[in-house]
Amino acid sequence: MKIRSIETLDLRGKRVFIRVDFNVPVKDGVVKNDKRIRSALDTINYALSKNAKVILASHLGRPKGGFEQKYSMMPVGERLKELLKKDIKVADDCIGDGVKKLVADMKEGEVLLLENLRFHKEEEANDENFAKELASLCDVYINDAFGTAHRAHASTEGMAHFVKEKAAGFLMLKEVEHLDRVLLSPEKPFITILGGAKVSDKISVITNLMKKVDTFIIGGAMAYTFLKAQGYKMGKSLVEDDRLDVAKEILDNARKSGAEILLPEDHIVAKDENSEPVATSSVNIEDDMIGYDIGPKTIRKFSDALKKAKTIFFNGPSGLFENPKFANGTFEIVKAVAELKGVVSVAGGGDTVTAIESLKLEGKFTHISTGGGASLEFMEGKELPGIKILEE
Ligand code: ADP
Ligand code: MG
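Just so it is clear, the model here is predicted, and its values are computed rather than measured.

Reading the values: rules and limits
- Throughout, a residue's number is its position along its own chain's written sequence, starting from 1.
- A letter from A marks each chain and a number from 1 marks each ligand, given out in the order of writing.
- Totals for whole chains, interfaces and linings use every residue, but because this is a predicted model, local features are given only for residues with pLDDT of at least 70 and side-chain atom pairs only at 80 or more, for both listing and counting.
- Processing note: side-chain calculations cover all non-hydrogen atoms of the structure and skip hydrogens and water entirely.
- Within this scheme, the nonpolar core is defined by two criteria: the residues are buried Ala, Val, Leu, Ile, Met, Phe, Trp, Tyr or Cys, and they are joined through side-chain atoms within 4.5 Å.
- Throughout, exposure labels follow a simple rule: accessible area from a 1.4 Å probe, protein chains only, divided by the maximum for the residue type, with under 20% read as buried, over 50% as exposed, and the rest as partly exposed.
- A run of H or I in DSSP becomes a helix once it reaches four residues, and a run of E becomes a strand once it reaches two; helices and strands are each numbered from the N terminus.
- Marked domain ranges trace back to an automatic or database domain assignment.
- Any two residues whose heavy atoms approach within 4.5 Å are treated as being in contact.
- Axis geometry follows a simple rule: fit a line to the C-alpha atoms, using only the stretch in contact for helices, then measure angles between N-to-C directions, giving values from 0 to 180 degrees.
- Left-handed is the label given to a crossing in which the near helix is rotated counterclockwise from the far helix by less than a right angle, and right-handed is the label when the rotation is clockwise.
- Following the grouping adopted for this structure description, the nonpolar residues are Ala, Val, Leu, Ile, Met, Phe, Trp, Tyr, Cys and Pro, the charged ones are Asp, Glu, Lys and Arg, and the polar ones are all others, Gly among them.
- As used here, buried area is the combined drop in accessible area, with a 1.4 Å probe, of two parts when they are placed together.
- Salt bridge criterion: a side-chain nitrogen from Lys or Arg within 4 Å of a carboxyl oxygen from Asp or Glu.
- Throughout this description, a polar contact denotes any pair of N or O atoms lying within 3.5 Å of each other; where both atoms belong to protein, one of them has to be capable of donating a hydrogen while the other can accept it, and for residues adjacent in sequence the pair is counted only when both atoms sit in side chains.
- Throughout this document, a residue counts as near a molecule or strand when at least one of its heavy atoms sits within 4 Å of that molecule or strand.
- Surface accessibility follows the Shrake-Rupley procedure with a 1.4 Å probe radius. Residue values consider only the protein chains on display as shielding.
- Paired strands, as defined in this entry, are two strands with at least two bridges between them according to DSSP.
- As defined here, a cavity is a set of points on a 1 Å grid over the protein atoms alone where a 1.4 Å probe fits but cannot get out. A pocket is an open set with protein on both sides within 12 Å along at least five of seven lines, and residues line them when an atom is within 4 Å of a point.
- Grid points are joined across faces, edges and corners, and a volume is the space filled by probe spheres set on the points.
- Two cysteine sulfurs form what is called a disulfide whenever their separation falls within 2.5 Å.

Novice: How do you make sense of the nonpolar core when you look at a structure like this?
Specialist: Within soluble globular proteins, side chains that are nonpolar generally end up buried alongside one another. In this structure, Leu114, Phe216 and Phe226 are the most contacted members of the largest nonpolar core, which totals 75 residues. Here this core takes six residues from helix α8 (residues 222-229), the largest share from any one element. Split by domain, the residues of this core number at least three in each of domain 1 (6-173) and domain 2 (186-379). Ignoring any residue separated from it by four or fewer positions in sequence, one finds phenylalanine 216 in contact with Thr192, Leu194, Ile206, Leu209, Met210, Ala259, Glu260, Ile261 and Leu262. The next biggest cluster of nonpolar side chains, apart from the first, holds 33 residues, and it includes Leu9, Val31, Leu41 and Ile88.

Shown next, in the form of structure tokens:
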């Protein structure tokens with residue numbers, strides 16, 4: 001299924017509602033990281049170039065269902081003004097008579113940013129009346145919020161049923177194009193790097209990719225569950241004992257379907273997060289020790305394996321990289337991917353992207369997904385409601 005592109009619609013003079021992902025960090029009334037706002041500029045500027053009346057809406061943070069100053073879109077509006085080099089209006093709500101009046105008074109080429117959608121609990125409940133209220137504000141619905149595409153909320157799914165003309169913005173199109181390419185037609189060998197704390201978060205991804213992937217490279221604490229399932233000693237490391245059977249099953253299935261699973265051969269361990277890190281001499285971890293990162297032998301093994309890849313999907317850090325003592329493994333794997341030439345490399349997941357950005361290596365990846373949960377559900381093969389609604 002193909003999703004409709006914003007470029008196929010006639011936006012001239014129309015009221016165009018763009019669901020954006022402006023869920024940015026705000027501190028003391030100032031936007032701390034404007035990456036998500038900048039990611040939406042192509043779509044906003046395109047609509048403006050067509051002389052549309054541009055209505056922008058997003059959620060921000062996790063308000064409890066009513067107005068909360070710290071989750072107001074006001075600071076986002078301030079930053080957006082600077083980025084667009086243009087005056088914009090910010091509404092004090094996202095529905096109601098005041099908003100209707102603001103929209104009715106809009107001129108072509110103007111921008112109105114609505115207040116946080118989640119100040120109404122009807123947004124997340126995908127309430128039909130609320131969705132209709134939002135839909136009544138516009139002639140055209142554009143979804144450019146990939147980060148919330150896995151949620152069927154009023155602004156990401158519900159309202160689209162009540163607007164005739166709907167399409168994806170450029171950010172959404174780019175996300176779908178890159179993730180589809182990896183999922184549906186990866187050039188082989190296809191290697192998936194997984195990590196993070198828990199196997200349970202990643203089981204569906206592994207299952208969905210099993211038949212497509214040549215090699216899984218598994219680091220992070222999730223590797224310990226696989227290793228323990230094979231009889232190795234993992235000390236006091238984070239192991240999901242209730243997932244040992246699942247881990248065994250995955251290893252069996254991989255053997256049957258010819259997918260290789262690479263696991264750590266050594267680790268960086270410590271008594272606790274604040275103690276001195278030491279490298280283990282083997283796969284086993286001593287009884288009183290905790291694994292926090294992959295060891296040097298493993299880094300070499302993983303980096304070598306990556307050299308033969310033509311396609312790489314990367315989700316999950318190889319260790320507790322938030323602590324500089326245990327960041328080396330993750331950073332070395334990021335660098336190993338970044339150094340490869342002629343490879344399609346796609347990264348997804350909030351923490352993975354943070355690790356890549358902290359090394360300033362974003363530019364070395366083919367695509368860095370803006371959606372953590374959404375990119376994972378996409379790779380799980382799930383239908384994302386915010387995308388499905390845009391299919392032609
Ligand atoms: P992403 O956000 O990229 O999808 P996850 O949220 O699945 O990644 O996993 C990232 C988290 O896993 C990080 O907070 C990291 O510290 C943690 N983690 C990775 N390896 C370990 C480990 N050995 N012990 C404890 N936590 C770990
Ligand atoms: Mg995470």
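Moving on, there is more to tell.
Novice: What's the story with the packing of helix α6 (residues 170-184) against helix α13 (residues 372-379) in this structure? I'm lost.
Specialist: A pair of packed helices is captured by two measures, namely the crossing angle of their axes and the spacing between those axes. Close contact between α6 and α13 brings their axes to 10 Å; oriented N to C, the two are set at 35°. In this structure, α6 crosses over α13, and the sense of that crossing is right-handed. Residue-level contacts link Val176, Leu179, Asp180, Val182 and Leu183 of α6 to Ser375, Phe378 and Met379 of α13. Taken together, the residues of the contact of α6 with α13 break down into six nonpolar, one polar and one charged.

Novice: Whenever I open this one, the domain arrangement of the protein confuses me. Can you help?
Specialist: One frequent convention defines the size of an interface as the accessible area lost when the parts assemble. On domain assignment, one finds that the protein holds domain 1 (6-173) and domain 2 (186-379). For domain 1 versus domain 2, the separation of C-alpha centres amounts to 36 Å. Between domain 1 and domain 2, roughly 680 Å² of surface is buried when both sides are summed, and carbon and sulfur atoms account for 58% of that area. Taken together, the links from domain 1 to domain 2 amount to one salt bridge. With a closest N to O distance of 2.7 Å, lysine 35 and glutamate 357 form a salt bridge. For the pair domain 1 and domain 2, the interface holds one residue pair in polar contact (both at pLDDT 80 or more). Counting residues per element, the side of domain 1 that touches domain 2 draws most heavily on helix α1 (residues 35-39), which supplies three residues. Its residues assigned to classes, the side of domain 1 that touches domain 2 shows two nonpolar, three polar and three charged.

Novice: Where do I start with the site of ligand 1 in this structure?
Specialist: By nearness alone, 18 residues border ligand 1, and Ala197, Lys202, Glu322, Asp351 and Thr352 come closest of all. Within the backbone of alanine 197, an N or O atom sits 3.1 Å from an oxygen atom of ligand 1. At a separation of 3.3 Å, an oxygen atom of ligand 1 approaches a polar backbone atom of glycine 350. Here ligand 1 loses 83% of its free accessible area of 570 Å² to cover by the protein chains. Elements that contribute at least two residues to the shell around ligand 1 include exactly β14 (290-294) and α12 (350-358). Among the elements that make up the shell around ligand 1, the one with the highest residue count is α12 (three residues). Residues belonging to the shell around ligand 1 are distributed by class as follows: six nonpolar, nine polar and three charged.

Novice: How should I be thinking about the sheet that holds strand β13 (residues 278-279) in this particular structure?
Specialist: Adjacent strands of a sheet pair through backbone hydrogen bonds, lying either parallel or antiparallel. Taken together, the three strands give an open sheet; going across it, the order is β13-β12-β14, and neighbouring strands pair in antiparallel fashion. The strands lining the two open edges of the sheet, one partner per strand, are β13 and β14. Across four bridges, strand β12 (residues 267-270) lies against β14 in antiparallel orientation. Note that in β14 the partner of isoleucine 268 across the bridge is aspartate 293.

Novice: Help me understand empty space enclosed by the protein in this model?
Specialist: Rolled over the atoms, a probe with the dimensions of a water molecule shows which regions are left empty. In total, this model carries one cavity of 30 Å³ or more according to the counting rule given. Put simply, the largest cavity is a space of about 50 Å³. Lining the largest cavity we find Val20, Asp21, Arg36, Ser39, Ala40, Asp144, Leu171 and Thr370.

Novice: Please clarify how the state of the cysteines should be interpreted in this entry.
Specialist: Linking two cysteines covalently through their sulfur atoms gives a disulfide. Evaluation of the coordinates by the stated rule reveals zero disulfides. Cysteine cysteine 94 shares no disulfide, and the gap to the nearest cysteine sulfur, in cysteine 138, comes to 13 Å. The exposure class assigned to cysteine 94 is buried, which follows from its relative accessible area of 0%. A relative accessible area of 8% means that cysteine 138 is categorised as buried.

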